[in-house]
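Chain and residue survey
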Amino acid sequence: LEASSEGSGWLSSWLPAWCPTSLPHLKEAEEKILKCITSTYSKQYIFISNGNKIWTLTFSQDLSYKTPLVLLHGFGGGVGLWALNFEDLCENRTVYAFDLLGFGRSSRPQFGTDAEEAENQFVEAIEEWRQEVGLDRMILLGHNLGGFLAAAYSLKYPSRIKHLILVEPWGFPERPDNAEQERPIPIWIKALGAMLSPFNPLAGLRLAGPFGLSLVQRLRPDFKRKYSSMFDDNTVTEYIYHCNVQSPSGETAFKNMTVPYGWAKRPMLQRIAHMHQNIPVTVIYGARSCIDGNSGSTIQSLRPNSYVKTIAVLGAGHYVYADQPEDFNQKVKEICDSVD
């Protein structure tokens, strides 16, 4: 729990001891998830500027003659959440997944308080990572916040992108003027929002201290179900918990990139028309998701001379890749095969 000014004094110094977590706890939780993967892979830190490091997994390194697929996770996630996808996706090409700067096991630096500055820090970290790994061009896939950052990266570094895959991307539409009339927000949420506004989105999880893990299990029992084919215990919720109770960094940046309640300050639909017209875009969304699935058709109307395709995955919600992994993996492989 850190105030946006980064100075909540006694409270922030007391909280870390209150939360039963540490980087070794997160490492152990991640290793437990990855234990089920039979494909060979390497894991390492990639060092970028300002002493920061990006935690990276690499699958099928020997297939480097094909355009690699790079996976960017969403808000509050990490590389472990792709556990149901790695083996299928790396069958015939190299796959990279890394923890975004400020999330998971990557460095957690202080981000700028300005939305554009924070976005640029994320984008530059992705570019520095690409340079260090030595990739020329890539198929870039992002989920949620990762989708927003994949689009932001493609706008700035178009020559590096062979295909952009947006999976349930966050931050595309503008906040409607009548957002509250359309979807009335209960008074208690407004009151809670006002009370927590100086703090980060996951502050409550850290405030819950030793009860945080059971809080995740109670609030998100669906995660246990999604990964039930691999784990019959709390492996995934433990991983999510330890990803999100470390010191906030990417989370603070995300807060600074939003306006109430969860809309982007710099919506991507205002900028996507400027994306290089040769970059093909595929939007994948869950047919049961509550996130606006219209972004695909809006992107198409804003890029009339470019390839834009929207794919709905039946029976999937926001976490498409975990809700219907086989269908998702098949669709992503088809997109990759269309590249080379």
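A word on unusual backbone geometry. Although it is not a glycine, Asn-144 sits at a positive phi angle of roughly 60°. As for its placement among the helices and strands, Asn-144 is situated in strand S5 (residues 138–144). Of note, Glu-168 is a non-glycine position whose phi angle comes to about 45°, a positive value. Relative to the helices and strands, Glu-168 resides in strand S6 (residues 161–169).

Attention now moves to the environment of Arg-105. Examined against the element boundaries, Arg-105 turns out to sit in the loop between strand S4 (95–98) and helix H4 (115–133). Along the chain, Arg-105 and Gly-78 lie 27 residues apart, while their C-alpha atoms are 7.9 Å from each other. Other than its neighbours up to four places away in sequence, Arg-105 contacts Leu-26, Lys-27, Glu-30, Tyr-45, Trp-55 and Asp-99.

A word on the packing of aromatic side chains. Applying the stated rule across the entire model yields 16 aromatic pairs. With a centroid separation of 4.9 Å and an interplanar angle of 25°, the aromatic rings of Tyr-41 and Phe-59 are classed as stacked. Of the two residues, Tyr-41 sits in strand S1 (residues 41–47) while Phe-59 sits in strand S2 (residues 53–59), which places them 18 residues apart along the sequence. Residue classification places Phe-59 among the buried residues on the basis of a relative accessible area of 0%. Three or more aromatic residues joined by ring pairs form one cluster here, namely Phe-75, Phe-103, Phe-111, Phe-122, Phe-148, Trp-170 and Phe-254. The ring centre of Tyr-45 lies 4.3 Å from the NZ or CZ of Lys-53, which sits over that ring. A cation over an aromatic ring shows up here: Lys-226 above the ring of Phe-223, its NZ or CZ 5.8 Å from the ring centre.

All right, on to the pairing of strand S3 (residues 69–72) then. Neither face of S3 is left uncovered, since the one carrying Leu-69 and Leu-71 and the one carrying Val-70 and Leu-72 both have all their residues buried. Relative to S4, S3 is paired through 4 bridges, and the arrangement is parallel. Bridged to Leu-72 within S4 is Phe-98. As defined by bridge partners, S3 adjoins S5 across 4 bridges and the pair is classed as parallel. By the bridge assignment, Leu-71 is partnered in S5 with Leu-141.

What follows concerns the packing of helix H2 (residues 23–34) against helix H11 (residues 235–244). Where H2 meets H11, the closest approach of the two axes is 9 Å, and the angle between their N-to-C directions is 150°. The two elements H2 and H11 meet at a crossing, and its hand is left-handed. In this structure, H2 uses His-25, Leu-26, Ala-29, Glu-30, Lys-32 and Ile-33 to contact H11, whose residues at the interface are Thr-235, Val-236, Glu-238, Tyr-239, His-242 and Cys-243. The residue inventory of the contact of H2 with H11, partitioned by class, reads 6 nonpolar, 3 polar and 3 charged.

Attention now goes to helix H5 (residues 145–156). The end-to-end C-alpha distance of H5, which contains 12 residues, comes to 17 Å, matching closely the 16 Å that a straight helix rising 1.5 Å per residue would cover. All buried positions along H5 are accounted for by Leu-145, Gly-146, Gly-147, Phe-148, Leu-149, Ala-150, Ala-151, Ala-152, Tyr-153 and Ser-154. At its buried positions, H5 is contacted by S3, H4, S5, S6, helix H12 (250–256) and strand S8 (263–264).

On to the nonpolar core. In terms of nonpolar packing, the biggest core is built from 48 residues, with Val-70, Leu-164 and Met-257 touching the most fellow members. Of all elements in the fold, only S3, S4, H4, S5, H5, S6, H12 and strand S9 (281–286) reach the threshold of two or more residues within this core. Apart from residues lying up to four places away in sequence, Val-70 is in contact with Tyr-96, Phe-98, Trp-129, Leu-135, Met-138, Ile-139, Leu-140 and Leu-141.

Strands sit in the order S1-S2-S4-S3-S5-S6-S9-S10 across an open sheet of 8 strands; the sheet is mixed. Edge strands, defined here as strands with exactly one partner in the open sheet, are S1 and strand S10 (308–313). Neighbour-to-neighbour, the strand axes of the sheet open up by a mean angle of 20°, direction not taken into account.

Of note, Arg-220 is situated in the loop between helix H9 (212–219) and helix H10 (221–226). For Arg-220, a relative accessible area of 30% translates into the label partly exposed. The spacing of Arg-220 and Thr-237 is 17 residues in sequence and 8.0 Å in space, taken between C-alpha atoms.

Before going further, it helps to spend a moment on the packing of H4 against H5. At their nearest, the axes of H4 and H5 sit 9 Å apart, and the two run at 70° to each other. Our classification of the angle between H4 and H5 gives roughly perpendicular. Only Phe-148, Leu-149, Ala-152, Tyr-153 and Lys-156 of H5 make contact with H4, whose side of the interface consists of Glu-119, Asn-120, Phe-122, Val-123, Glu-124, Ile-126, Glu-127 and Arg-130. Taken together, the residues of the contact of H4 with H5 break down into 7 nonpolar, 1 polar and 5 charged.

Applying the stated rule across the entire model yields 17 salt bridges. Linking Asp-233 and Lys-32 is a salt bridge whose minimum nitrogen-to-oxygen distance equals 4.0 Å. With a gap of 201 residues between them, Asp-233 in the loop between H10 and H11 and Lys-32 in helix H2 connect regions that are remote in the sequence. Overall, the relative accessible area of 33% leaves Asp-233 in the partly exposed class. We classify Lys-32 as partly exposed; its relative accessible area is 31%. Across the pair Asp-337 and Arg-93 runs a salt bridge whose closest N-O atoms are separated by 3.8 Å. Residue Asp-337 is located in helix H15 (residues 325–339), and its partner Arg-93 is located in the loop between helix H3 (86–89) and S4; the two are separated by 244 residues in the primary sequence. By relative accessible area, which is 40% here, Asp-337 ends up partly exposed. You can call Arg-93 buried: its relative accessible area is 1%. Several salt bridges share partner residues, and in doing so they unite Glu-116, Glu-119, Arg-266 and Arg-271 into one network.

Conventions we followed
- Throughout, a residue's number is its position along its own chain's written sequence, starting from 1.
- Where local features are concerned, this predicted model is filtered to residues with pLDDT of at least 70; where side-chain atom pairs are given and counted, the filter is 80 or more; whole-chain, interface and lining totals use all residues.
- Just so you know, side-chain values use all the structure's heavy atoms and leave hydrogens and water out.
- Strands here are runs of E lasting at least two residues and helices are runs of H or I lasting at least four, both read from the DSSP assignment and numbered beginning at the N terminus.
- It only takes one pair of heavy atoms within 4.5 Å for two residues to be counted as in contact.
- Each aromatic pair joins two rings of Phe, Tyr and Trp (for Trp, the six-membered one) with centres within 6.5 Å, and gets the label stacked for planes under 30 degrees apart, edge-to-face for over 60, and tilted for any other angle.
- Each residue is placed in one exposure class: buried if its accessible area under a 1.4 Å probe, protein chains only, is under 20% of its type's maximum, exposed if it is over 50%, and partly exposed if it falls in between.
- Whether a charge sits over a ring depends on NZ of Lys or CZ of Arg being within 6 Å of the ring centre and within 35 degrees of the ring normal.
- Being paired, for any two strands, means DSSP has found at least two bridges between them.
- Structural elements are reduced to axes, namely lines fitted to C-alpha atoms, with helices fitted over the stretch in contact, and the angle between N-to-C directions of any two is expressed from 0 to 180 degrees.
- For any helix crossing, the convention is left-handed if the near helix is rotated counterclockwise from the far helix by under a right angle, and right-handed if that rotation is clockwise.
- Nonpolar residues are Ala, Val, Leu, Ile, Met, Phe, Trp, Tyr, Cys and Pro. Charged residues are Asp, Glu, Lys and Arg, and all others, Gly as well, are polar.
- Expected helix span is computed as 1.5 Å times (number of residues minus one).
- Within this scheme, the nonpolar core is defined by two criteria: the residues are buried Ala, Val, Leu, Ile, Met, Phe, Trp, Tyr or Cys, and they are joined through side-chain atoms within 4.5 Å.
- Any angle from 65 to 115 degrees is called roughly perpendicular, while one under 35 is roughly parallel, one over 145 is roughly antiparallel, and all others are oblique.
- Any Lys or Arg side-chain nitrogen found within 4 Å of a carboxyl oxygen on Asp or Glu counts as a salt bridge.

Nothing here speaks to function; it is geometry throughout.
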